[in-house]
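Per-entry structural report
Below, each chain spelled out in residue letters.
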Amino acid sequence: MPWFPLALTTACLTAIQDLLGKKSLQSLDAAVVTGLLGGISALVLGGLLWAVGMPPLQPGFWWILLANGSLNTLGFWTYNRALQLGDLSLTAPIVAFSPLFFFLTSPLIVGEYPTSTDFVGSVLVVLGSYGLNWQQRHQGYWAPFKALWTQRGSRLMLGVALIWSVTANLDKVGVLRSSPLCWVFAVYSFVTLGMGVTIALQGNWASHWEQLRPGGRNNQGRSPWVYLLPMGICSALAVALQMYALTLTLVVRVIAVKRLSTLMGVVLGVVFLQEQGLRHRLLGAGLMVAGVAVLLQ
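A short tour of the structure in this document, coming up. Fair warning: this is a prediction, and the values are worked out from it, not measured in the lab. (Residues numbered from 1 in each chain as written. Predicted model: local features only at pLDDT ≥ 70, side-chain atom pairs only at ≥ 80, totals over all residues. Heavy atoms only, no water.)

1. Let's talk about the overall build of the protein chain
When helices and strands are counted, the protein chain shows 14 helices and zero strands. Listing each helix as α and each strand as β along the protein chain from the N terminus yields α-α-α-α-α-α-α-α-α-α-α-α-α-α. Looking at the protein chain as a whole, 55% of its 297 residues qualify as buried. In the protein chain, the proportion of contacts linking residues at least 24 apart, taken out of those at least 6 apart, comes to 83%. As displayed, the protein chain has an accessible area near 12,800 Å², and 69% of this comes from carbon and sulfur atoms. (Helix = DSSP H or I, 4+ residues; strand = E, 2+ residues; numbered from the N terminus. Buried < 20%, exposed > 50% of the residue type's maximum accessible area, 1.4 Å probe, protein only. Contact = heavy atoms within 4.5 Å. Areas by Shrake-Rupley, 256 points an atom, 1.4 Å probe, with all protein chains shown as cover.)

This is the structure in structure tokens:
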């Protein structure tokens, strides 16, 4: 399975990106972080594309890019906003809900139909969401599911899962009409422009300039680029590997393995950010990963 190491490396890089993103969001606005993430990633991807050469573009490429880029701009901003509002180990694993949405989006977009095994895996993912909120058990059996809707960060991340279940399928269509590097470079360039417009409309770029300028420091006394630059590099490499994996197997398999980043995110959040509740959150994340494992059968 040549696609598996590509997807697994994507998961590792995504977990590191989440950790760096959480650190960045402690001092910068979600729109600024998303825009800079897209810009840094686009520069890295553009360099790689220049090295390998530009492929011919197939009909429909630009329309797919418009749809995917718009949804990804919304998804990336919402993703970082959710991380800003909640614990990394509580919000990031919610993205694992996306396999549920693939039952609808994959048949419609790329004609891939999940099986009964995929259904079992998806149920385990849902049960994992219960484990993530296990600290609410004293409020009743259904309290953790209710908390998913009352906690804004978790609710936003659920919306991200829906958006990305659409964009992941559009990614495969876009890659087949160009190349993996060309497609992700185009998407990240689109996202960078989209977030630039958002930042301009919000008028909050100037408030972050003191941190982002040469020699600037954040509220922790460090340059924000210490987190932003490696985050952008991790993002670029992760998404490039993901696109290559999509050309080798079904979309749902690649995304399922990528969701292993949720378990990695729980551990990183506790170790590096001193987030609490490792035991019950690992239980939930573990159930989600078990669901991913079943989806791979």
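We are not done yet, so read on.
2. What to know about the pattern of salt bridges
For the coordinates displayed, the defined rule picks out one salt bridge. We note a salt bridge from K172 to E112, for which the minimum N-O separation is 2.9 Å. Of the two residues, K172 sits in helix 8 (residues 152–176) while E112 sits in the loop between helix 5 (98–109) and helix 6 (116–132), which places them 60 residues apart along the sequence. On the accessibility criterion, K172 (14% relative accessible area) is buried. Given a relative accessible area of 11%, E112 falls into the buried group. (Salt bridge = Lys/Arg side-chain N within 4 Å of Asp/Glu carboxyl O.)

3. Details of the packing of helix 2 (residues 30–52) against helix 3 (residues 61–85)
Taken N-terminus to C-terminus, the directions of helix 2 and helix 3 make an angle of 130 degrees; their axes are 9 Å apart at the nearest point. Here helix 3 runs oblique to helix 2, going by the angle between their axes. Helix-helix and strand crossings are classified by hand; for helix 2 and helix 3 the assignment is right-handed. Residue-level inspection shows A30, A31, V33 and T34 of helix 2 in contact with helix 3, the latter providing F76, W77, N80, R81 and Q84. By residue class, the composition of the contact of helix 2 with helix 3 is five nonpolar, three polar and one charged. (Axes fitted to C-alpha atoms, helices over the stretch in contact; angles between N-to-C directions. Parallel < 35°, antiparallel > 145°, perpendicular 65-115°, else oblique. Left-handed = near helix turned anticlockwise from the far one by under 90°. Nonpolar A, V, L, I, M, F, W, Y, C, P; charged D, E, K, R; others polar.)

4. Considering a nonpolar patch on the surface
On the surface, F119, V120, V123 and L127 cluster together into a nonpolar patch covering about 340 Å² of accessible area. One can find F119 in helix 6. (Patch = residues over 30% accessible without salt bridge, like charges linked within 9 Å, V, L, I, M, F, W, Y side chains within 5 Å.)

5. Regarding the nonpolar core
L45, Y79, M157, W164, W183, L228 and M243 are the most contacted members of the largest nonpolar core, which has 63 residues in total. Elements represented by at least two residues in this core include exactly helix 1 (3–24), helix 2, helix 3, helix 8, helix 9 (180–202), helix 11 (225–246) and helix 12 (251–258). Other than its neighbours up to four places away in sequence, W183 contacts F61, I64, L65, N68, L170, D171, G174, V175, S178 and M243. (Core = buried A, V, L, I, M, F, W, Y, C linked by side-chain atoms within 4.5 Å.)

6. A closer look at the packing of aromatic side chains
Applying the stated rule across the entire model yields three aromatic pairs. Seen in terms of ring centroids, F61 and W62 are 5.1 Å apart; in terms of plane orientation they differ by 85 degrees. Their pairing is edge-to-face. An aromatic cluster of at least three residues, connected via ring pairs, comprises F61, W62 and W183. (Phe/Tyr/Trp six-rings, centres within 6.5 Å; stacked < 30°, edge-to-face > 60°.)

7. Remarks on the packing of helix 1 against helix 13 (residues 261–273)
At their nearest, the axes of helix 1 and helix 13 sit 9 Å apart, and the two run at 40 degrees to each other. For the element pair helix 1 / helix 13, the angle class is oblique. Crossing geometry of helix 1 relative to helix 13 is assigned as right-handed. Residue-level contacts link A11, C12, T14, A15, I16, L19, K22 and K23 of helix 1 to S261, M264, G265, L268, F272 and L273 of helix 13. Residues belonging to the contact of helix 1 with helix 13 are distributed by class as follows: nine nonpolar, three polar and two charged.

8. Points about the side chain of T105
Mapped onto the elements of the fold, T105 is located in helix 5. Taking relative accessible area as the criterion, T105 reaches 7% and is therefore assigned buried. Engagement of the side chain of T105 in a polar contact is seen with the backbone oxygen of S165, the distance being 3.1 Å. Among the polar contacts made by the side chain of T105, one reaches the side chain of N169 at a distance of 3.2 Å. In this structure, T105 is in contact with V110, S165, V166 and N169, ignoring residues within four places of it in sequence. (Polar contact = N/O pair within 3.5 Å; in protein donor to acceptor, adjacent residues only side chain to side chain.)

9. Quick look at the side chain of S179
With respect to the helices and strands, S179 occurs in the loop between helix 8 and helix 9. At 3.2 Å, the side chain of S179 forms a polar contact with the backbone nitrogen of C182.

10. Some remarks on helix 8
With 25 residues, helix 8 extends 36 Å from end C-alpha to end C-alpha; this agrees with the ideal 36 Å at 1.5 Å per step. Taken across its 25 residues, helix 8 has 18 buried, putting it largely inside the fold. (Expected span 1.5 Å × (residues − 1).)

11. Considering the environment of L278
Here L278 is to be found in helix 14 (residues 278–295). Here the alpha-carbon distance between L278 and V267, two residues 11 residues apart in the chain, equals 7.5 Å. Aside from chain neighbours lying at most four places away, what touches L278 is V266 and V270.

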